[in-house]
Amino acid sequence: MNNTEKTMDKIIALCKGRGFIFAGSEIYGGLANTWDYGPLGTRLKNNVKDAWRKRFIQERRNSYEVDADILMNPRVWEASGHVQSFSDPLLDCKECKMRFRADNLIDDFDPSAHADGLTKEQMFQYIKDHHIPCPNCGKHNFTDIREFNLMFQTYRGVTNDAKSIIYLRPENAQGEYVNYPNVLRSMRTKLPFSIGQIGKAFRNEITPGNFTFRTIEFEQMEFQTFCKPGDDLDLYAYFKEFGKKFFEDLGLPAENLRFHDHEKLAHYAKAACDIEFLFPSLGWGEINGTHDRTDFDLSRHQEYSGQKLEYIDPFTAERYIPYIVESTYGLDRTVLALLCQAYDEEVVDAEKNDVRVVLHLNPAMAPIKAAVLPLSKKLGEKAMEIRDELAKSFMVEYDETGSIGKRYRRADEIGTPFCVTYDFDSETDGCVTIRERDSMEQVRIPISEVKDYIASRVQF
Ligand code: GAP
């Protein structure tokens, strides 16, 4: 009997084989820490975005979505502190020339050491005192630790003139902050209100990626709530819980989620907490962050832009710079967590080594909602008509090759919650058999009811 343990390698193989995620620029040998989403991965990602939009923008009062440019005035990144402080502590092995993050070396050596609370000097001393070896060559001969800015730079115009440097945004948040006065005015809203955004962010990460967990280009779903100073800590506590509930609704069970309160805070934060998910092979990893950013961002933008960003309370005429509570979600990490959670190998018949690989995805997240299967190719035309009708409402696929059993298994492997089989009886009774992925139970219902049957079960 093959080993049915859930591992990241098996999940990566399924993702590549079944069109979820491919290595970036694969025919050229790839590009480290880049991945492309295939047809099914793109659907899954879009379903997560839709769910986020529904929960954060549509259902919440006073919530607005923006779509800001990736390239922003470079002064934004001076004001935000990223030019000055958005860096990783790096050191090189003098023997094999490999480069590492000092905090990762320490955490891998002893996770209880909490490297994120140490200064550069303390990290260097710790590595020396504990004789931590180079993970590549095993020697102990490192350079000093230097701060390495994570922002990607590019140049505007034709010359590589330093004056024309612009940055690929390392977080979405600043696009929301600089639009605070625009949204406040154009939406005629009042505090507290929120601005959300889904979009790409870029970071020059040097550590090996663990599949899509750490990449140099990734998507964030960020949500910024602007509030009166003093209301921030309640909102901070609220959004921690709201985030956990959102993940549970997506399909991540509470026992695989935990909060991690930060000891060492980013340059902008008064309080910070991650939600972590228990990934197979990798262990606990951050998928979300909630940050109380105080008035740091808007004060800095007011200072650097010279524009007044004060809020005037319409009832009391009080003036103040709003505080911001941020709730940020890594889209790629969320998708990876959903795939990891859903992956399962069920032993059907141990003697025959028959194992069913199935993705138990929340039906609302499944890339394909139903597979339409004619029992025989002779029934293909009618089955295809059902496929076309259902396709007006959701993503469906048509599959006529191989035995029904094999077709069920193919659908299970990509998490399709329903298989709709059109058989010879369907010609006379006008009914089809619907087989459910997880229970494998079957019901027979009229063709005219199939759309509603599925639609009611794939809602987020
Ligand atoms: N605006 C605040 C901010 O960007 P962050 O904790 O640095 O906070 C937010 O990033 C989320 O973005 C993380 O919780 C994580 O899910 C995701 N993320 C960060 N770096 C990433 C990377 N290199 N690859 C993939 N996802 C990443």
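Now for a look at the structure at hand.

Conventions we followed
Residues numbered from 1 in each chain as written. Predicted model: local features only at pLDDT ≥ 70, side-chain atom pairs only at ≥ 80, totals over all residues. Heavy atoms only, no water. Pairing = 2+ DSSP bridges. Helix = DSSP H or I, 4+ residues; strand = E, 2+ residues; numbered from the N terminus. Axes fitted to C-alpha atoms, helices over the stretch in contact; angles between N-to-C directions. Contact = heavy atoms within 4.5 Å. Near = heavy atom within 4 Å. Polar contact = N/O pair within 3.5 Å; in protein donor to acceptor, adjacent residues only side chain to side chain. Areas by Shrake-Rupley, 256 points an atom, 1.4 Å probe, with all protein chains shown as cover. Buried < 20%, exposed > 50% of the residue type's maximum accessible area, 1.4 Å probe, protein only. 1 Å grid on protein atoms, 1.4 Å probe; cavity = no way out; pocket = protein on both sides within 12 Å on 5 of 7 lines; lining within 4 Å. Points joined across faces, edges and corners; volume = space filled by probe spheres on them. Nonpolar A, V, L, I, M, F, W, Y, C, P; charged D, E, K, R; others polar. Arc of directions from axis to C-beta. Parallel < 35°, antiparallel > 145°, perpendicular 65-115°, else oblique. Left-handed = near helix turned anticlockwise from the far one by under 90°.

### Some words on the sheet that holds strand β22 (residues 431-436)
Ordered by their spatial adjacency, five strands build an open sheet running β20-β19-β21-β22-β23, and the pairing between neighbours is mixed. Strand pairing shows two members of the sheet lacking a second neighbour, β20 (396-398) and β23 (442-446), which therefore form its edges. Across this sheet, the average inter-strand angle for adjacent strands is 25°, counted without regard to direction. Bridge count for strand β19 (residues 370-374) against β20 is three bridges, and the pairing is parallel. Looking across to β20, one finds that A370 is bridged to V396. In this fold helix α12 (residues 380-390) packs onto β19, β20, β21 (418-422) and β22, with an angle of close to 165° to the strand it touches most, β20.

### Focus: the site of the ligand
The ligand sits among 21 residues. The nearest are E171, T215, E222, E286 and E326. Between the ligand and R333 there is a distance of 3.4 Å, counted from a nitrogen atom to a side-chain nitrogen or oxygen. Look at the ligand: alone it shows 550 Å² of surface, and the protein chains cover 93% of it. Of all the elements in the fold, those that place two or more residues in the shell around the ligand are β10 (217-227), β13 (283-292) and β16 (323-330). The element contributing the most residues to the shell around the ligand is β13, with five residues.

### Some thoughts on the pairing of β13
Counting buried positions along β13 gives seven out of ten residues, so the element sits mostly inside the fold. The antiparallel pairing of strand β12 (residues 271-279) with β13 creates a hairpin that spans three residues between the two strands, and S281 there sits at a positive phi of about 70°. Pairing analysis gives five bridges linking β13 to β16, with the strands arranged antiparallel. Residue pairing across strands places H291 opposite E326, the latter belonging to β16.

### Quick notes on the layout of surface pockets
Considering only enclosed or pocket space, the second largest pocket measures out at about 260 Å³ in volume. What lines the second largest pocket is a set of 15 residues, among which N47, D50, A364, V458 and F460 lie closest to the centre. Here the lining of the second largest pocket is built from residues that sort into nine nonpolar, two polar and four charged.

### Some words on the environment of K244
One can find K244 in helix α9 (residues 232-250). Expressed as a C-alpha distance, the spacing of K244 and F213, which sit 31 residues apart in the sequence, is 19 Å. Aside from chain neighbours lying at most four places away, what touches K244 is A254, L257, F259 and I275.

### Observations concerning α12
Among all positions in α12, only G380, A383, I386 and L390 are buried. Each buried residue of α12 lies within a common arc of 120° when the element is viewed along its axis, so the set occupies one face. As for α12, its buried residues are in contact with β19, β20, β21, β22 and α15 (450-455).

### Digging into the packing of helix α2 (residues 39-58) against α9
The packing of two helices is summarised by the inter-axis angle and the distance between the axes. Axis separation between α2 and α9 bottoms out at 11 Å; the angle between their running directions is 135°. What the angle tells us is that α2 and α9 run oblique. Between α2 and α9 the crossing geometry is right-handed. Mapping the contact onto sequence places V48, A51, W52, R55 and F56 in α2 and F242, F246, D249 and L250 in α9. When its residues are assigned to classes, the contact of α2 with α9 shows seven nonpolar, no polar and two charged.

### Regarding unusual backbone geometry
With an omega dihedral of -10°, the bond running from L191 to P192 counts as a cis peptide bond. Mapped onto the secondary structure, P192 falls in the loop between α8 (180-186) and β9 (193-202). Unlike most non-glycine residues, N62 shows phi in positive territory, near 55°. Here N62 is to be found in the loop between α2 and β3 (63-65). The exposure class assigned to N62 is partly exposed, which follows from its relative accessible area of 33%. The residue M440 is not glycine, and still its phi comes out positive at about 60°. Within the secondary structure, M440 sits in the loop between β22 and β23.

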